Amino acid sequence: MRLNCVIVDDEPLAIKLMKSFVERTPFLDLKGTFLNPMDALAFIDETINLVFMDINMPGITGLELSKLIRPQTKIIFTTAYKEYAFESYEVQAIDYLLKPISYPKFLSAVTRAKEYFEQIEAAKGASASSAAAAQADGSVDPNAEYIFVKCEYKQVRVDLDQILFISGLKDYVRIHLKNQPRPLIALTTMKGIEEKLPVNRFCRVHRSYIVAMDKIESVERNVITIAGEAIPVSEANQDKFYSLLK
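## With respect to the environment of Val 22
When you line up the elements, Val 22 lands in helix 1 (residues 12–24). Residues Val 22 and Tyr 103, 81 residues apart in the sequence, show an inter-C-alpha distance of 9.5 Å. Here Val 22 is in contact with Cys 5, Ile 7, Leu 28, Leu 30, Phe 52 and Phe 106, once residues within four sequence places are set aside.

The structure is reproduced here in structure tokens:
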């Protein structure tokens, strides 16, 4: 798999170094370099997979700029200031490279990016296959007790009776489980995981939410409460949800 990338940095020497690294890497195609971050923003479209971006730039920081870029385009931050590391992961960067950057560290970061995009493609293929299988043999087993989901590089079993609700997170979903302080992050789409769940027990109530019907604590004014969390019921899903609620 090849990745289209751009470089954004206000230092010409830094761009020159990163450009040399990209040219040494067979699966990267450099589509542009930018000293001005706003020029980069105008250039970056759906064809760009990866952006190498300095954080500390005049006018607008790399962190601020990353929030304006479509979420499907991933960022590898480059900076001389290690105190930005935590913030870079908060905006879900693929990686963070501390200057001066060596090629081995660069290669490690871009390999991680390549694996990420390959997983996304694989998940799309798996989702399409599962949808075709569901059409072929009818529907999901209403008595199923568990499903398997892809988390990082392994398939993880999730017991259906432990699921409280599921929320969307860009190219991932968060599976909120009973007695677990953190949700399980799975590499799939909302549609993909919805197709694995028994329709008599789970309901898509919003573009970003699927709920376990038996975990609902209350419903008021089209807002569901589960484990203290407020979950909206969109207008498009109200009829389906309330028919299951009866």
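Okay, back to it.
## Some points on the packing of aromatic side chains
A complete count under the given rule lists 10 aromatic pairs for this structure. With 5.8 Å between their ring centres and 90° between their planes, Tyr 146 and Phe 148 make a pair best called edge-to-face. With relative accessibility at 38%, the residue Tyr 146 sits in the partly exposed group. Over the aromatic face of Tyr 103 sits the side chain of Arg 24, whose NZ or CZ is 3.8 Å from the ring centroid. In this arrangement the basic side chain of Arg 157 is found over the ring face of Tyr 146, its NZ or CZ atom lying 3.9 Å from the centre.

## Examining the sheet that holds strand 5 (residues 95–98)
Read across the sheet, 5 strands follow the order 2-1-3-4-5 without closing on themselves; strand pairing throughout is parallel. Edge positions in the sheet fall to strand 2 (28–34) and strand 5, since each has one partner strand and no second. The mean inter-strand angle of the sheet, taken between neighbouring strand axes irrespective of direction, is 20°. Pairing of strand 3 (residues 50–54) with strand 4 (residues 74–79), which is carried by 5 bridges, proceeds in the parallel orientation. Across the sheet, the residue bridging to Met 53 is Phe 77, located in strand 4.

About the criteria used
Here the residue numbering is sequential within each chain, running from 1 through the sequence in written order. Local features in this predicted model are restricted to residues whose pLDDT is 70 or higher, and side-chain atom pairs enter the listing and the counts only when it is 80 or higher, whereas totals over whole chains, interfaces and linings include all residues. Side-chain descriptors were evaluated using all non-hydrogen atoms of the structure, hydrogens and water having been removed beforehand. In this description a helix means any DSSP run of H or I spanning at least four residues, a strand means any run of E spanning at least two, and both kinds are numbered starting from the N terminus. Every residue pair with non-hydrogen atoms within 4.5 Å of one another is taken to be in contact. Under the pairing criterion, centres of Phe, Tyr and Trp rings, with the six-membered ring standing for Trp, must be within 6.5 Å; the plane angle then separates stacked pairs below 30 degrees from edge-to-face pairs above 60, leaving the rest tilted. Buried means the residue's accessible area, taken with a 1.4 Å probe over protein chains only, is under 20% of the maximum for its type, while exposed means over 50%, and partly exposed covers the values in between. Comment: the charge-over-ring label is applied if NZ (Lys) or CZ (Arg) is within 6 Å of the ring centre and within 35 degrees of the ring normal. DSSP calls a pair of strands paired once it identifies at least 2 bridges connecting them. Here, axes are lines fitted to C-alpha atoms. For helices the fit covers the stretch in contact, and angles between N-to-C directions go from 0 to 180 degrees.

In short, the description is geometric, and any link to function would need to be established separately.
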